[in-house]
Amino acid sequence: MSDGISDESEDVVGVLTERIEARFGMGMDQLKAAVAAAPTANPDATDVVKWHGLLVEAQSVLDRAEDDLVAALQTQPSEVDDPTMGLAHRVNAAVTARDGRAMVVRWLLDPDAPGKRDLAAQRLARLRPRTGPAVQTSPPHRPAGTAAPASAWRSARGAR
């Protein structure tokens, strides 16, 4: 791959962690703490931290699946039984999940990635959680001694 992560790389998480730390100018622990303290301050950092966590989790699942497969293969005769084939399929699924999450992290880190500057990206930006209500949810504050507008008084009495 041209992005510095080879297909054979066993340390996909390490490479992407270094890229995240370089992009945000702080270690992952600091970045996680900053995002936890102010999750809406930098939506890009929040997204990267979320997907990095999912990537770490997927790598952990993959490591366990590989360990289980190796242990099963060491006890097999020349032919592999169905339970061991099931473990092999579990490893393949874990690799797919880990690689998919790695792709998302790489996409989040690339400011020029396809889809980040087009109409779809603008629509996606509108779906981000809001930091406050979209419309005013309480009546406006009036200073003490100020009369309510006549229209408010009429609506409270009931219009004829």
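Scroll up for the structure.
Here we come to the pattern of salt bridges. Tallied over the entire structure, the rule returns 3 salt bridges. A salt bridge links aspartate 44 to arginine 23; its shortest N-O distance comes to 3.9 Å. Here aspartate 44 is found in helix α3 (residues 43-74), whereas its partner arginine 23 is found in helix α1 (residues 12-24), with 21 residues between them in sequence. Judged by relative accessible area, which is 37%, aspartate 44 ranks as partly exposed. Among the residues examined, arginine 23 registers a relative accessible area of 37% and is labelled partly exposed. Linking arginine 90 and aspartate 68 is a salt bridge whose minimum nitrogen-to-oxygen distance equals 2.5 Å. On the criterion of sequence distance, the pair formed by arginine 90 in helix α4 (residues 82-109) and aspartate 68 in helix α3 is long-range, its members being 22 residues apart. We classify arginine 90 as partly exposed; its relative accessible area is 37%. Under the relative-accessibility criterion, aspartate 68 is labelled partly exposed at 35%.

Counting residues in hydrophobic clusters, the biggest one holds 16 residues, and the most contacted among them are Ile20, Phe24 and Leu31. For this core, the secondary-structure elements that each account for two or more residues are α1, α2 (28-37), α3 and α4. Considering every element that reaches this core, the biggest residue donor is α1, with 5 residues. Apart from the residues within four sequence positions on either side, leucine 31 is in contact with Ile20, Phe24, Met26, Ala45 and Val49. Counting 7 residues, the second-largest nonpolar core is a separate cluster that includes Leu62, Ala65, Leu87 and Ala94.

Right, let's talk about a nonpolar patch on the surface for a bit. Taken together, the side chains of Leu73, Val80 and Met85 present a nonpolar region at the surface, about 240 Å² in accessible area. Mapped onto the secondary structure, valine 80 falls in the loop between α3 and α4. Classification of valine 80 by relative accessible area gives partly exposed; the value is 39%.

Note that glutamine 59 resides in helix α3. What makes glutamine 59 buried here is its relative accessible area of 11%. Here glutamine 59 is in contact with Val13 and Arg98, once residues within four sequence places are set aside.

Attention now moves to the packing of α2 against α3. At a minimum axis distance of 10 Å, the contact between α2 and α3 shows a crossing angle of 120°. Taken together, α2 and α3 sit at an angle that is classed as oblique. The handedness of the crossing between α2 and α3 comes out as left-handed. Contacts from Met28, Leu31, Lys32 and Val35 in α2 reach Ala45, Thr46, Val49 and His52 in α3. Classifying every residue of the contact of α2 with α3 gives 5 nonpolar, 2 polar and 1 charged.

With that settled, the discussion passes to α1. Helix length check: α1, at 13 residues, gives a terminal C-alpha distance of 18 Å against a target of 18 Å (1.5 Å per residue), a fit within 8%. Along α1, the residues classified as buried are Val12, Val13, Gly14, Leu16, Thr17, Ile20 and Phe24. Summarising the contacts, the buried residues of α1 are in contact with α2, α3 and α4. At the C-terminal side of α1, glycine 25 shows a positive phi close to 70°.

Thresholds, definitions, all that
- Residues numbered from 1 in each chain as written.
- Predicted model: local features only at pLDDT ≥ 70, side-chain atom pairs only at ≥ 80, totals over all residues.
- Heavy atoms only, no water.
- Salt bridge = Lys/Arg side-chain N within 4 Å of Asp/Glu carboxyl O.
- Helix = DSSP H or I, 4+ residues; strand = E, 2+ residues; numbered from the N terminus.
- Buried < 20%, exposed > 50% of the residue type's maximum accessible area, 1.4 Å probe, protein only.
- Core = buried A, V, L, I, M, F, W, Y, C linked by side-chain atoms within 4.5 Å.
- Contact = heavy atoms within 4.5 Å.
- Patch = residues over 30% accessible without salt bridge, like charges linked within 9 Å, V, L, I, M, F, W, Y side chains within 5 Å.
- Areas by Shrake-Rupley, 256 points an atom, 1.4 Å probe, with all protein chains shown as cover.
- Axes fitted to C-alpha atoms, helices over the stretch in contact; angles between N-to-C directions.
- Parallel < 35°, antiparallel > 145°, perpendicular 65-115°, else oblique.
- Left-handed = near helix turned anticlockwise from the far one by under 90°.
- Nonpolar A, V, L, I, M, F, W, Y, C, P; charged D, E, K, R; others polar.
- Expected span 1.5 Å × (residues − 1).

These figures come from the coordinates and say nothing about function on their own.
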